[in-house]
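What follows is each chain in one-letter form.
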Amino acid sequence: MEMILNEDDMVVGARFENGTIQDYIDKDKTYGLLRVEDTTCNWFLFNKDESEEELQKLYNEVIKKEHFIQNNFGEEIVVFNRQGEKSFEDLVKKIDEYLGDELGSFI
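Cut-offs applied
Residues numbered from 1 in each chain as written. Predicted model: local features only at pLDDT ≥ 70, side-chain atom pairs only at ≥ 80, totals over all residues. Heavy atoms only, no water. 1 Å grid on protein atoms, 1.4 Å probe; cavity = no way out; pocket = protein on both sides within 12 Å on 5 of 7 lines; lining within 4 Å. Points joined across faces, edges and corners; volume = space filled by probe spheres on them. Helix = DSSP H or I, 4+ residues; strand = E, 2+ residues; numbered from the N terminus. Nonpolar A, V, L, I, M, F, W, Y, C, P; charged D, E, K, R; others polar. pLDDT = per-residue confidence, 0-100. Buried < 20%, exposed > 50% of the residue type's maximum accessible area, 1.4 Å probe, protein only. Lys, Arg positive; Asp, Glu negative; His and termini not counted. Salt bridge = Lys/Arg side-chain N within 4 Å of Asp/Glu carboxyl O. Polar contact = N/O pair within 3.5 Å; in protein donor to acceptor, adjacent residues only side chain to side chain. Pairing = 2+ DSSP bridges. Arc of directions from axis to C-beta. Contact = heavy atoms within 4.5 Å. Axes fitted to C-alpha atoms, helices over the stretch in contact; angles between N-to-C directions. Phe/Tyr/Trp six-rings, centres within 6.5 Å; stacked < 30°, edge-to-face > 60°. Lys NZ or Arg CZ within 6 Å of the ring centre and 35° of its normal.

Enquirer: I keep staring at the layout of surface pockets and nothing clicks. Help me out?
Expert: To locate leftover empty space, one rolls a probe as large as a water molecule over the atoms. Here the largest pocket defines a volume of roughly 320 Å³. Among the elements of the structure, β5 (39-46), α1 (53-62) and α2 (88-106) are those that each provide at least two residues to the lining of the largest pocket. Taken together, the residues of the lining of the largest pocket break down into eight nonpolar, two polar and seven charged.

So, in structure tokens, the structure goes:
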């Protein structure tokens, strides 16, 4: 995975063989975009106790529609607005891989 950096050298996304991932695509910086082959989805990390009010609102809206949540010890990866053939599970694997690579770049 090739990390995408902003002007302050902060990781804001990544390119990989068959797609891209971005941390934030909305003006409130609440959710990102993932593209894998012909599939796109939005995603964000959520923690019920620690997430800001904007994320709490988004979470409550998303769970009323088609979505997928993977709980990683209290922090949830929330995937929604999926369009395409890739399964939610495959998309979450790509997000997990990105988050692992992003964390590794800080160590």
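Enquirer: Just checking my understanding: could you explain the confidence of the model for the protein chain for this structure?
Expert: Low-pLDDT portions of the prediction should not be read for the details of their coordinates. Residues with a pLDDT of 70 or more make up 94% of the protein chain, whose mean pLDDT is 92. When mean pLDDT is compared element by element in the protein chain, strand β4 (residues 32-36) scores highest at 98, while α2 scores lowest at 81.

Enquirer: Would you take a moment to explain the side chain of D26 for this structure?
Expert: Along the chain, D26 turns up in the loop between β3 (19-22) and β4. One buried charge, D26, has no salt-bridge partner; the nearest side chain with opposite charge is K27, at 7.5 Å. Of the polar contacts made by the side chain of D26, one reaches the side chain of T30; its length is 2.5 Å.

Enquirer: Can you help me understand the pairing of strand β2 (residues 11-16) in this one?
Expert: Each regular strand displays side chains that alternate between the two surfaces of the sheet. Here four bridges tie strand β1 (residues 2-5) to β2, and the two strands are oriented antiparallel to one another. Residue pairing for β2: L5 is matched across the bridge by V11. With four bridges connecting them, β2 and β3 associate as antiparallel partners. Directly across from G13, in β3, lies its bridge partner Q22.

Enquirer: Honestly, α1 in this entry has me stumped. Any pointers?
Expert: Count 3.6 residues to each turn of an α-helix, and residues three or four apart come out pointing the same way. Turning to α1, its buried residues number three or more, namely L55, L58, Y59 and V62. End-on view of α1: buried residues confined to an arc of 100°, all on one side of the axis. Along its buried surface, α1 packs onto β5, β6 (67-72) and β7 (75-83).

Enquirer: Teacher, can you tell me more about the sheet that holds β3 here?
Expert: Taken in spatial order, the seven strands of this open sheet run β1-β2-β3-β4-β5-β7-β6, and their pairing is antiparallel. Unpaired on one side and paired on the other, β1 and β6 mark the two borders of the sheet. Within the sheet, the average angular offset between the axes of one strand and its neighbour, ignoring direction, is 20°.

Enquirer: When you look at the packing of aromatic side chains in this model, what are you seeing that I'm missing?
Expert: Each aromatic ring pair is specified by the distance between its two centres and by the angle formed by the two planes. Tallied over the entire structure, the rule returns six aromatic pairs. Here the aromatic rings of F46 and Y59 are separated by 3.9 Å at their centres, their planes lie at 10°, and the arrangement is stacked. Of this pair, F46 sits in strand β5 while Y59 sits in helix α1, and the two are 13 residues apart along the sequence. As far as burial versus exposure is concerned, F46 and Y59 are alike and both buried. An aromatic cluster is defined as three or more aromatic residues linked by ring pairs; in this entry it consists of Y31, F44, F46, Y59 and F80. Above the ring of F88, the side-chain terminus of R82 is found at 4.2 Å from the ring centroid.

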